[in-house]
Amino acid sequence: LSRSRSVPFIIPPTLHGRDWINLINEEHVQEDSDPYMVPQPGPRSSFHSFAGAYVVGTINPELYKFPEDKSETDFPEGNIGRLWFSIEYEQESERLLVSLIKVRKLQPPADSCSPFVKIYLLPDERSCLQSKTKRKTLNPQFDENFVFQVSSKMLFQRTLKFLVYHVDKQKKHHLLGQVIFPLKNETLTDDNKLVIWRDLEKESLEPPSEYGDIQFSLSYNDYLGRLTVVVLRARGLKLQEESHAVSVYVKVSLMNHNKFIKSKKTAAVLGSPNPVYNETFSFKADQTELDTASLSLSVLQSIKGEKTHLLGRVVVGPFMYTRGKELEHWNEMINKPKELVKRWHALCHST
């Protein structure tokens, strides 16, 4: 049913002929007026006369909303959409309840947009749950509930992945963006429902490089002399053997004049060629050292009882050590102090 978004404003019969004026300081003020003055009916509507009441116009509910939180109004430049969802974990039944709430401000490739969402619980890429398709809207409201069976022991090693698609007139699916949400940092207890929103990201459409790729952000705070690395995720890794016993972690090392200064490691993620980390590391680095310092990020695989195996590495730093994308990333970090600069890099096998 299509309904008018406006709501009729009706004067009940008992108040006909009364003249209402503004209420000041919540005083209830009512002025008498000529008893024969009857308000003129407003626009024609199906509510035109309601048990002797008069429609004097309509109210636009949009104007009377509570002030919206910033997530509804503040969209960064280049935003391709924003997704809202909620998560809750039932300990007893070991069920993860995911509610897909809505998506706003989609940027489709064509004029019209009929979106739907696929939801995965990584590392399982084979099975997914899918929402209904919403016809012709850039702001779909889903309000759909999904259930994943997952043990409490494994819960914090899993990652939710939402893929937002648009279906064109030829029934082809186009990926508009994705949200990757690791569960490891969340406090999920019974009856604790978290409502979360995230901006959509473009999935990198280039195929993974030979040894896979790693995505991380760099930031330098010149005031504090602090170099920050956020290890986000890796993809297309060539694991030595496909098994859940294989764990993959990233080691971040700060070097100066090729001398090792300090290293830090992410937590290990089990059995996935596309691990998600979202871990932040900070290193002390004076501004004078930035011309001779570099960062090495190594992706390592370990299997119980066997030695660690290097899957690939990338080095970012100044002109002394790097070229191409690795040098660009480093320079952009220096040119945008205190800002997080995010990029993908191909992993290499050479040291």
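Quantities reported herein were computed from a predicted structural model and do not represent experimental measurements.

Draft legend 1. Expanded view of the pattern of salt bridges. Inspection of every chain in the model, using the stated rule, returns nine salt bridges. Residues Glu90 and Arg95 are paired through a salt bridge, measuring 3.1 Å at the closest nitrogen-oxygen approach. When its relative accessible area of 27% is taken as the criterion, Glu90 is described as partly exposed. A residue is classified by how much of its surface remains accessible, and Arg95, at 29% relative accessible area, is partly exposed.

Draft legend 2. Highlighting the nonpolar core. Core analysis: the biggest nonpolar cluster contains 32 residues, and Ile214, Val229, Val231, Val252, Leu295 and Leu297 have the highest contact counts within it. Counting only elements with at least two residues in this core, the list comes to strand E14 (213-221), strand E15 (226-235), strand E16 (247-256), strand E19 (276-284), strand E20 (293-302), strand E21 (309-316) and helix H2 (324-335). When near neighbours in sequence (up to four residues on either side) are disregarded, Val252 contacts Val229, Val231, Lys262, Ser263, Lys264, Phe281, Phe283, Leu295, Ser296 and Leu297.

Draft legend 3. Representation of the packing of aromatic side chains in the model. Counted under the stated rule, the structure contains three aromatic pairs. Ring centres of Phe85 and Phe181 lie 5.3 Å apart, and the angle between their planes is 75°; this geometry places the pair in the edge-to-face category. Note that Phe85 is positioned in strand E6 (residues 82-90) and Phe181 in strand E12 (residues 173-182), a separation of 96 residues in sequence. Of the two residues, Phe85 and Phe181, both sit in the buried class. A ring pair is formed by Phe116 and Tyr165, whose centres lie 5.3 Å apart and whose planes are at 15°; its orientation type is stacked.

Draft legend 4. How the structure looks around the pairing of E16. For E16, a buried count of nine out of 10 residues is recorded, marking the element as mostly surrounded by other parts of the structure. Where E16 and strand E18 (residues 269-270) come together, two bridges link them in antiparallel fashion. By the bridge assignment for E18, Val248 is matched with Val269. Looking at chain direction, E16 and E20 are connected through 10 bridges and run antiparallel. Counted as the bridge partner of Tyr249 is Leu300 from E20. Where E16 and strand E17 (residues 259-265) come together, six bridges link them in antiparallel fashion.

Draft legend 5. The arrangement of H2 in detail. Between its first and last C-alpha, H2 extends 16 Å over 12 residues, near the 16 Å set by a 1.5 Å rise per residue. Three or more residues of H2 are buried, namely Glu326, Leu327, His329, Trp330 and Met333. For H2, the buried positions fall inside an angular range of 160° around the axis, keeping them on one side. Taken together, the buried residues of H2 touch E14, E15, E20, E21 and strand E22 (341-346).

Draft legend 6. Main features of the sheet that holds E14. Sheet architecture is open: four strands sit in the order E19-E15-E14-E22, paired in antiparallel fashion. Where the open sheet ends on each side, the last strands, each with one partner, are E19 and E22. Within the sheet, the average angular offset between the axes of one strand and its neighbour, ignoring direction, is 25°. As paired strands, E15 and E19 are joined by seven bridges and run antiparallel to one another.

Draft legend 7. Focus on the pairing of E14. Of all nine residues in E14, nine are buried, a share of seventy percent or more. What you see with E14 is no split at all: Asp213, Gln215, Ser217, Ser219 and Asn221 on one side and Ile214, Phe216, Leu218 and Tyr220 on the other are buried throughout. The antiparallel pairing of E14 with E15 creates a hairpin that spans four residues between the two strands, and Gly225 there sits at a positive phi of about 60°. Sheet topology places E14 next to E22; six bridges connect them, and they run antiparallel. Its bridge partner lying in E22, Asp213 is registered against Ala346.

Thresholds, definitions, all that
Residues numbered from 1 in each chain as written. Predicted model: local features only at pLDDT ≥ 70, side-chain atom pairs only at ≥ 80, totals over all residues. Heavy atoms only, no water. Salt bridge = Lys/Arg side-chain N within 4 Å of Asp/Glu carboxyl O. Buried < 20%, exposed > 50% of the residue type's maximum accessible area, 1.4 Å probe, protein only. Core = buried A, V, L, I, M, F, W, Y, C linked by side-chain atoms within 4.5 Å. Helix = DSSP H or I, 4+ residues; strand = E, 2+ residues; numbered from the N terminus. Contact = heavy atoms within 4.5 Å. Phe/Tyr/Trp six-rings, centres within 6.5 Å; stacked < 30°, edge-to-face > 60°. Pairing = 2+ DSSP bridges. Expected span 1.5 Å × (residues − 1). Arc of directions from axis to C-beta. Axes fitted to C-alpha atoms, helices over the stretch in contact; angles between N-to-C directions.

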